[in-house]
Amino acid sequence: MRADRLLSLVLLLQARPDVAAPELADRLGVSVRTVLRDVDALSAAGIPVYTERGRFGGIRLLDTYRSGLANLSRAEGAGLAVGQSRLAGDLGLGDALDSAIEKIIGAGGQALRGGLTQGRRHVLVDVDPWMRAGEAVPLLPLIHDGLLRGRRLSLDYRDSAGDRQLRTVAPAGLVAKAGTWYLVTAEPALVRVSRVLACTVLPQPAPLPPGFDLDAAWSRLRDRVEVRPRDLPVVVTAAPDAVAMVRRVLARHLRDDDGSSPTVRLAFAAVQHAVGSLLGLGTRVEVVSPPSVRTAMRTAALAVADLYRPG
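Residues numbered from 1 in each chain as written. Predicted model: local features only at pLDDT ≥ 70, side-chain atom pairs only at ≥ 80, totals over all residues. Heavy atoms only, no water.

1. Overview of the overall build of the chain
Check the secondary structure of the chain and you find 12 helices and 12 strands. The proportion of buried residues among the 311 residues of the chain is 36%. For the chain, the share of sequence-separated contacts (at least 6 apart) that also reach a separation of at least 24 residues comes to 63%. (Helix = DSSP H or I, 4+ residues; strand = E, 2+ residues; numbered from the N terminus. Buried < 20%, exposed > 50% of the residue type's maximum accessible area, 1.4 Å probe, protein only. Contact = heavy atoms within 4.5 Å.)

As structure tokens, this is what we get:
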């Protein structure tokens, strides 16, 4: 453990020009006295680390000292900045990612550090789709833990039709698609993580089929969703000031080319598919036909209104 801590200490010092001993102690999870002993050990081993007293003092490492990542460039530092996103945070790994990048930057020196700063200043990666808030996935870290441990998962799941079901699955991988997390199971099948209401990691192992390839399984499952037939025609009228927005949000469901008419012709896979896509638009759209979708929209809207009824 001490060897790992000493390596972490060197990389942290390379990432920062100077760091106070209490901050290093907090980052490494040890006492200040242990940090000072580690600094003495590094110095005795020939690593040019030293302390400076005073208001602006701290523990320093000569900037000329580099470990094996010294040749990473400014451009590679900018690439590291672009690679950061909220996805690591969803998995509960946000702090770990920041720490890893800080260590890499420290090993690369001033040029790499400058590239990271420049990348963060000029490029922002937002993985959320337009017009949709990021989905809450509080159980994602637990699912991820079960996946890494190779254990079966017991899921309390609400499907796309709103029905609850208990499922036991063998997790094979996790995929983030436009800000939405999916669990790929060994069957293979897709489970939308935001619809998981409860998860238990079981003691039973979840071996993957021989030759299982996550990328190939995801491609097949994605194709099933993206190319599923949409043979339910739906006609809506958009509010005059929302025509352009409605057409933009529902672009993949459009079945006409008129970009200005408030009458919008759409196609969906099923009634619940239409309701799920249209309900969030509120009073900006009114379903004209078919009657089955109008009825389902009314039922869903009343259920929402009843949920928020005073008292």
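Back to the text.
2. Some points on the environment of Val175
Along the polypeptide, Val175 turns up in strand β6 (residues 171-177). Along the sequence, Val175 and Leu214 sit 39 residues apart, while their C-alpha atoms lie 9.1 Å from each other. Once you skip the residues sitting within four places of it in the chain, Val175 turns out to touch Thr180, Trp181, Tyr182, Val184 and Trp218.

3. Considerations on the pattern of salt bridges
Tallied over the entire structure, the rule returns four salt bridges. Of the charged contacts in the structure, one is a salt bridge between Arg309 and Asp306, with a shortest N-O distance of 3.1 Å. On the basis of relative accessibility, which here comes to 57%, the residue Arg309 falls in the exposed class. Judged by relative accessible area, Asp306 falls into the partly exposed class, the value being 43%. (Salt bridge = Lys/Arg side-chain N within 4 Å of Asp/Glu carboxyl O.)

4. A look at the layout of surface pockets
Put simply, the second largest pocket is a space of about 230 Å³. At the level of elements, β12 (285-289) and α12 (291-307) are the ones that each hand at least two residues to the lining of the second largest pocket. (1 Å grid on protein atoms, 1.4 Å probe; cavity = no way out; pocket = protein on both sides within 12 Å on 5 of 7 lines; lining within 4 Å. Points joined across faces, edges and corners; volume = space filled by probe spheres on them.)

5. Brief notes about unusual backbone geometry
Glu187 connects to Pro188 through a cis peptide bond whose omega is 0°. Its place among the elements puts Pro188 in the loop between β7 (180-185) and β8 (190-192). Looking along the chain, the bond that leaves Ser289 and enters Pro290 is cis, with omega of 0°. Checked against the element boundaries, Pro290 lands in the loop between β12 and α12.

6. What to know about the nonpolar core
Core analysis: the biggest nonpolar cluster contains 22 residues, and Val234, Val236, Val246, Leu266, Leu278, Val287 and Val293 have the highest contact counts within it. Only β10 (232-238), α10 (243-249), β11 (263-268), α11 (271-278), β12 and α12 provide two or more residues apiece to this core. Apart from the residues within four sequence positions on either side, Val293 is in contact with Leu232, Val234, Val271, Ala274 and Val287. Leu87, Leu140, Tyr157 and Val193 belong to the second largest nonpolar core, which has 18 residues in total. (Core = buried A, V, L, I, M, F, W, Y, C linked by side-chain atoms within 4.5 Å.)

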